[in-house]
Amino acid sequence: MAEIVYGPAGPADAGEILTLQRAAYVVEAQLYDDPHLPALTQTLDELTAELAEDHSVKAVLGHRIVGAVRGKLDGPVLRIGRLVVAPDQQGRGVGTRLLAAIEAAADGRAEWFALFTGHLSDGNIRLYQRAGYAETHREQIRLDLTLVHLMKEHR
Ligand SMILES: CC(C)(COP(=O)(O)OP(=O)(O)OC[C@H]1O[C@@H](n2cnc3c(N)ncnc32)[C@H](O)[C@@H]1OP(=O)(O)O)[C@@H](O)C(=O)NCCC(=O)NCCS
């Protein structure tokens, strides 16, 4: 069986990552009963610009991109977001490895890693806690949606 290879993503990957992002975030849209989550409404141009500017990592299986993640440096903090894995490849450690890879991509430039997820996304919170992240605070952005913010110190 082909191995998954992790490496930098760039603007040329935008089309494929947009498709992957939309497929992966459908379960989150169902969980929060909101088809307009930012990850689902992001345009190709916005995503292309992010891939040009931010640190990005993709997971490639054969000819397919099966996962991706992005990180933006904000002073000493790497703000990590849009961690996505293709639905058929989930539950095999790809998300965990992508998280480790984006942390490594900013090695030497980040003192802290920060990310957030929704309060109903138990699996995401478990994944982040297993990777060493601890909750810093909660931010209610709608009556039915609270963001759980987590951080980890670079060691
Ligand atoms: C969140 C997301 C990226 C996780 O990706 P993933 O590849 O499934 O993550 P992992 O495989 O590393 O971990 C998921 C589960 O599989 C388990 N797992 C990991 N490797 C495994 C293996 N080899 N065999 C069996 N189970 C395994 C993990 O323990 C974890 O179990 P848990 O949910 O019971 O805690 C993915 O679910 C996704 O794309 N979700 C939609 C988008 C989203 O919500 N992104 C995050 C926004 S904050």
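The written sequence of each chain sets the order in which its residues are numbered from 1. Residue-level local features of this predicted model are given only where pLDDT is at least 70; pairs of side-chain atoms are given and counted only at 80 or more, and the full residue set underlies all totals for whole chains, interfaces and linings. Hydrogens and waters are ignored; side-chain quantities use all the structure's heavy atoms.

Draft legend 1. Looking closely at the site of the ligand. Neighbouring the ligand are 20 residues; Leu83, Gly93, Thr96, Arg126 and Arg130 lie closest to it. In protein, a polar contact requires one atom able to donate a hydrogen and another able to accept it; more generally it is a pair of N or O atoms within 3.5 Å, and residues adjacent in sequence count only if both atoms are side-chain atoms. Between the ligand and glycine 93, the relevant distance is 2.6 Å, taken from an oxygen atom to a main-chain nitrogen or oxygen of the residue. Arginine 130 is positioned such that a nitrogen or oxygen atom in its side chain is 2.8 Å from an oxygen atom of the ligand. Here the ligand loses 69% of its free accessible area of 930 Å² to cover by the protein chains. Throughout this document, a residue counts as near a molecule or strand when at least one of its heavy atoms sits within 4 Å of that molecule or strand. All accessible-area figures derive from a Shrake-Rupley calculation using a 1.4 Å probe, and residue coverage is judged against the displayed protein chains alone.

Draft legend 2. Up close: the nonpolar core. Among the nonpolar cores identified, the biggest contains 40 residues, and Ile80, Leu98, Leu99, Tyr128 and Tyr133 are the most heavily contacted of them. By definition, any uninterrupted DSSP run of H or I lasting at least four residues is a helix, any uninterrupted run of E lasting at least two residues is a strand, and each is numbered from the N terminus. Considering every element that reaches this core, the biggest residue donor is helix H1 (residues 14-32), with seven residues. We call two residues in contact when some of their heavy atoms are within 4.5 Å. Setting aside its immediate chain neighbours within four residues, tyrosine 133 contacts Ile80, Leu99, Glu103, Phe113, Ala114, Leu115, Tyr128, Leu150, Met151 and Lys152. What we call a nonpolar core is a set of buried Ala, Val, Leu, Ile, Met, Phe, Trp, Tyr and Cys residues that are connected through their side-chain atoms within 4.5 Å. Using a 1.4 Å probe on the protein chains alone, a residue whose accessible area is under 20% of its type maximum counts as buried, one over 50% counts as exposed, and one in between counts as partly exposed.

Draft legend 3. How the structure looks around the sheet that holds strand E3 (residues 64-74). By definition, two strands form a pair when at least two bridges between them are found by DSSP. Pairing in this open sheet of seven strands is mixed, and the strands run E1-E2-E3-E4-E5-E7-E6 from one edge to the other. Two strands close off the open sheet at either side, each with one partner strand: strand E1 (4-8) and strand E6 (134-142). Neighbour to neighbour, the strand axes of the sheet diverge by 25 degrees on average, direction disregarded. As defined by bridge partners, E6 adjoins strand E7 (residues 145-153) across seven bridges and the pair is classed as antiparallel. Its bridge partner lying in E7, histidine 137 is registered against histidine 149. The convention used is that axes are lines fitted to C-alpha atoms, helices contributing only their stretch in contact, and that angles between N-to-C directions extend from 0 to 180 degrees. Seen against the sheet, helix H3 (residues 44-53) touches strand E2 (55-61), E3 and strand E4 (77-85) and runs at an angle of roughly 65 degrees to E3. Here helix H4 (residues 94-105) sits on the sheet and contacts E1, E2, E3, E4, strand E5 (112-118) and E7; the angle it forms with E4, its principal contact strand, is near 150 degrees.

Draft legend 4. Broad picture of the side chain of threonine 146. Tracing the chain through its elements places threonine 146 in strand E7. Residue classification places threonine 146 among the buried positions, given a relative accessible area of 15%. For threonine 146, the residues in contact, after removing those within four places along its chain, are Thr117, Gly118, His119, Arg138, Glu139 and Gln140.

Draft legend 5. Seen up close, the pattern of salt bridges. For this analysis, a salt bridge means a side-chain nitrogen from Lys or Arg found within 4 Å of a carboxyl oxygen belonging to Asp or Glu. Here the structure, examined in full by the defined rule, presents 10 salt bridges. With a shortest N-O distance of 3.3 Å, aspartate 54 and lysine 72 are connected by a salt bridge. One end of the pair, aspartate 54, is in the loop between H3 and E2; the other, lysine 72, is in strand E3, with 18 residues separating them in the sequence. Exposure remark for aspartate 54: the relative accessible area of 15% places this residue in the buried category. Lysine 72 sits in the partly exposed class, given a relative accessible area of 43%. In this structure, glutamate 135 and arginine 138 form a salt bridge, with 2.8 Å as the shortest nitrogen-oxygen distance. The partly exposed category is assigned to glutamate 135, whose relative accessible area is 38%. Among the residues examined, arginine 138 registers a relative accessible area of 47% and is labelled partly exposed. It is possible to trace a salt-bridge network through shared partners that takes in Asp34, Arg142 and Asp144.

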